[in-house]
Amino acid sequence: MGNADDAQLVLIRMMSIRGGDRFQVITYSRDDGGADEKLDYASVTEAARAARNYVQGKDGPAYDGALVYDKKKRSIVRLFGSFPECARPVCAQAGQGEQGARDI
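We now turn to the structure provided with this report.

Rules used in this analysis
Residues numbered from 1 in each chain as written. Predicted model: local features only at pLDDT ≥ 70, side-chain atom pairs only at ≥ 80, totals over all residues. Heavy atoms only, no water. Helix = DSSP H or I, 4+ residues; strand = E, 2+ residues; numbered from the N terminus. Buried < 20%, exposed > 50% of the residue type's maximum accessible area, 1.4 Å probe, protein only. Contact = heavy atoms within 4.5 Å. Salt bridge = Lys/Arg side-chain N within 4 Å of Asp/Glu carboxyl O.

## Remarks on the overall build of the protein
Moving on, step 1. Within the protein, the secondary structure is distributed over three helices and four strands.
Moving on, step 2. Taken from the N to the C terminus, the helices and strands of the protein come in the order α-β-β-α-β-β-α.
Moving on, step 3. Each of the 104 residues in the protein was classed as buried or not, and the buried ones make up 32%.
Moving on, step 4. For the protein, long-range pairs separated by at least 24 residues make up 39% of all intrachain contacts whose partners lie at least 6 apart in sequence.

## Description of the pattern of salt bridges
Moving on, step 1. By the definition in use, this model includes four salt bridges.
Moving on, step 2. Residues Arg22 and Asp70 are paired through a salt bridge, measuring 2.8 Å at the closest nitrogen-oxygen approach. Placement of the pair is Arg22 in the loop between helix 1 (2-18) and strand 1 (23-29) and Asp70 in strand 3 (residues 65-70), with a sequence separation of 48 residues. For the pair Arg22 and Asp70, one class covers both residues: buried.
Moving on, step 3. The salt bridge partner of Asp64 is Arg30, with a shortest N-O separation of 3.4 Å. Taken together, the residues span a long stretch of sequence, with Asp64 in the loop between helix 2 (44-56) and strand 3 and Arg30 in the loop between strand 1 and strand 2 (34-41) at a distance of 34 residues.

Have a look at this one:
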């Protein structure tokens, strides 16, 4: 039964990447060790709202920056505050850029 459980976990993860939880929020803090992956969201609107709240400190400490990363397209779609290039996801550093990203 262990193999069936493993296969189910892999399937759930694949569905998450391809479907519902496509947009990931990543925060950045100079004082707290750099970038940190947060929750995944089904829509870019939900993810952008959460990222903005992290930067504004609405539900806890304020972060220097936050971004919304599209796991399907492997690109940054929104950028809030200060988020150094060296701390961003690798694919953005490799020249794919930030298509449609806005700095707020």
